[in-house]
Amino acid sequence: KTIVQTGPGRKTKQTQATKAAAIDFGHVSTAGSRIRNIMGEIHLNMHDSSMHNRLINDLKRVTRASNAPVGEKTMRSGKIDRLINFQFVEKCHMHDYMHFDPEIKLLDTKQVAIQFPKFDMQKDIHRPRYCNLMKINLMIAIFNFDKQQYIRWHKHQIPIDLQAPSKDVELEELLFDVNDQDAETVLIGINIEYYDRFRENYSLLNNKDLHPAAIVGAFIIES
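A brief look at the structure comes next. This is a predicted model, so every value here is computed, not measured. (Residues numbered from 1 in each chain as written. Predicted model: local features only at pLDDT ≥ 70, side-chain atom pairs only at ≥ 80, totals over all residues. Heavy atoms only, no water.)

**A few points about the packing of aromatic side chains**
For clarity, the threshold we go by: Ring pairs shown here join Phe, Tyr and Trp side chains whose ring centres sit within 6.5 Å, with only the six-membered ring taken for Trp; geometry is labelled stacked below 30 degrees between planes, edge-to-face above 60, and tilted in between. Burial classification: accessible surface area is computed with a 1.4 Å probe over protein chains only, and a residue below 20% of its type maximum counts as buried, one above 50% as exposed, and the rest as partly exposed. Cation placement over rings: the criterion is NZ of Lys or CZ of Arg within 6 Å of the ring centroid and within 35° of the ring normal.
Throughout the structure, instances matching the rule amount to six aromatic pairs. Between Y150 and W153, the aromatic rings sit 5.5 Å apart at their centres with planes inclined by 40°, giving tilted as the arrangement. Ring plane angle 90° and centroid distance 6.3 Å describe the contact between Y195 and Y202, whose orientation is recorded as edge-to-face. Classification of Y202 as partly exposed rests on a relative accessible area of 44%. Three or more aromatic residues joined by ring pairs make a cluster, and in this case those are F100, F116 and F119. Sitting over the face of the ring of Y195, K135 holds its NZ or CZ atom 4.7 Å from the ring centroid.

Below, the structure is given as structure tokens:
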């Protein structure tokens, strides 16, 4: 028998710079996993296969905008609004299905205010074939990424009967309390669920080719 054996290779010693960069990436990776898990009721596991990697890349863009040195960059010190319009399903952009934008604000009272403009059910939203009921789902998720935890969330559903006699829809302003001593970051997710309704039975029409879901708001809560 001929046995070929090589000696152990030289280990590359990590520099302080690479260690610092690894710390920043660890924060980003943890934040990405928490967002993906907490926002599960928005993407409903119908996201595309590259969703997590796209989210990590957007989170890197958030932290790169921080003035803090490498190794100390955080979500709080970055530009969290760079997550706005992140699409959980890349080929189902929210703007192709909802032709208007809700106005989303973080008030001084530490409340998130969401106001939808008046819209026309025939012109201002995409209506898939066989769909006669749609539901707009909102999730307001509160995080503390420095402590690697989520605080709590609010969920709200807006059903819209597409067979209603009036085609104009005017919704009331929604207010959600985000005041918590550990609250640091607020993300607002939205999706649209489409249903075929027959009498009392509902059939969800969404699938991986039809599932608009996005992050539409992102705020840092000042302590």
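**Topic: the sheet that holds strand β8 (residues 174-177)**
Operational definition: Paired strands are those between which DSSP finds at least two bridges. Think of it this way: any DSSP run of H or I at least four residues long counts as a helix, any run of E at least two long counts as a strand, and we number them from the N terminus. Helix axes are fitted only over the stretch in contact, all axes being lines through C-alpha atoms; the angle between N-to-C directions runs from 0 to 180 degrees.
Strand order in the open sheet formed by three strands is β2-β3-β8, with antiparallel pairing between adjacent strands. The open sheet has two free edges, formed respectively by β2 (103-106) and β8, since each of these has just one partner strand. With strand direction ignored, the average angle separating the axes of adjacent strands in the sheet is 15°. Both strand β3 (residues 111-115) and β8 contribute to a ladder of four bridges, which runs antiparallel. Its bridge partner being in β8, V112 is matched across the sheet by F176.

**Here's the deal with the pattern of salt bridges**
To keep it simple, the criterion reads: We define a salt bridge as a contact between a side-chain nitrogen of Lys or Arg and a carboxyl oxygen of Asp or Glu at a distance within 4 Å.
Across all of its chains, the model carries 10 salt bridges by this definition. The partner of K155 in a salt bridge is E41, with the nearest N and O atoms 3.2 Å apart. Taken together, the positions of K155 in strand β6 (residues 149-161) and E41 in helix α2 (residues 40-43) put the pair 114 residues apart, joining distant regions of the chain. For K155, a relative accessible area of 47% corresponds to the partly exposed category. By relative accessible area, which is 41% here, E41 ends up partly exposed. As a salt-bridge pair, D48 and R54 come within 2.7 Å of each other at their nearest N and O atoms. We note that D48, like R54, is buried. Ionic contacts of the salt-bridge type, sharing partners, join the residues D48, R54 and E90 into one network.

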